[in-house]
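Chain residues, written in single-letter form:
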Amino acid sequence: QVRLVESGGGLVQAGGSLRLSCAGYGFTFTRVTMGWFRQTPGKEREFVAAIPWTGITTYYADSMKDRFTISRDSGKNTVDLQMNSLKPEDTAIYFCAAKLYDWSDDRSDYPYWGQGTQVTVTS
């Protein structure tokens, strides 16, 4: 069965950096897009970044383009999210997600999810 496991969350001060990692297990297909979403209480789960199976192209929400970087090993179901210049509003639970084939920024398109890792940014 497919399983996604996130790690790397923690407590940092504003302006600091964190690197999140996600490992996927149990995939039988190789053309898998992996992505990151985040969620805070009272808000919908929002798109952060995605990377298709090639590892060449990347996609970001506008507010994350200049600060976050998503990466993976081509052909492998592992993905990292490097987060720099963190702000208090980045505080959220960050979820790793996966889907087959083309990328998407819609959470409803992703059938596979991790349990999330907490990121807390203090001022």
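Above this text sits the structure in question.
Residues numbered from 1 in each chain as written. Predicted model: local features only at pLDDT ≥ 70, side-chain atom pairs only at ≥ 80, totals over all residues. Heavy atoms only, no water.

### Topic: the overall build of the protein chain
We count it as follows: Numbering of helices and strands runs from the N terminus, with a helix taken as a DSSP run of H or I at least four residues long and a strand as a DSSP run of E at least two residues long. It is over C-alpha atoms that the radius of gyration is taken, and the globule rule equals 2.2 Å times the number of residues to the power 0.38. Only protein chains enter the calculation, and the probe is 1.4 Å; a residue is then buried if its accessible area is under 20% of its type maximum, exposed if over 50%, and partly exposed in between. Whether two residues are in contact is decided by their heavy atoms, any of which lying within 4.5 Å being enough. All accessibility values rest on the Shrake-Rupley procedure with a 1.4 Å probe; residue burial counts only the protein chains present in the view. Charge counting treats Lys and Arg as positive and Asp and Glu as negative, with His and both chain ends excluded. Every charge is mapped onto a representative atom, which is NZ of Lys, CZ of Arg, CG of Asp or CD of Glu.
A count of helical and extended segments in the protein chain gives zero helices and 11 strands. Traced from its N-terminal end to its C-terminal end, the protein chain shows the element sequence β-β-β-β-β-β-β-β-β-β-β. Taking 14 Å as the expected radius of gyration for a compact globule of 123 residues, we find that the protein chain reaches 13 Å, a close match to that expectation. Taken along the three principal axes of its C-alpha coordinates, the protein chain extends 45 × 25 × 20 Å. For the protein chain, the proportion of its 123 residues judged to be buried stands at 38%. Relative to all contacts within the protein chain whose residues are 6 or more apart in sequence, the contacts with residues 24 or more apart total 58%. Here the protein chain has roughly 6,600 Å² of accessible surface; of this, 46% comes from carbon and sulfur atoms. Here the protein chain carries 13 positive and 13 negative side-chain charges, and the mean point of each set is 4 Å from the other.

### Notes on the state of the cysteines
In plain terms, the rule: The definition used for a disulfide is geometric: two cysteine sulfur atoms within 2.5 Å.
Counted by the stated rule, this structure contains one disulfide. Two residues share a disulfide in this structure: cysteine 22 and cysteine 96, whose sulfurs sit 2.1 Å from each other. Residues cysteine 22 and cysteine 96 are joined through a disulfide that is left-handed, its torsion about the S-S bond being -80°. Of the two residues, cysteine 22 is situated in strand β3 (residues 18-25) and cysteine 96 in strand β9 (residues 92-100); the sequence distance between them amounts to 74 residues.

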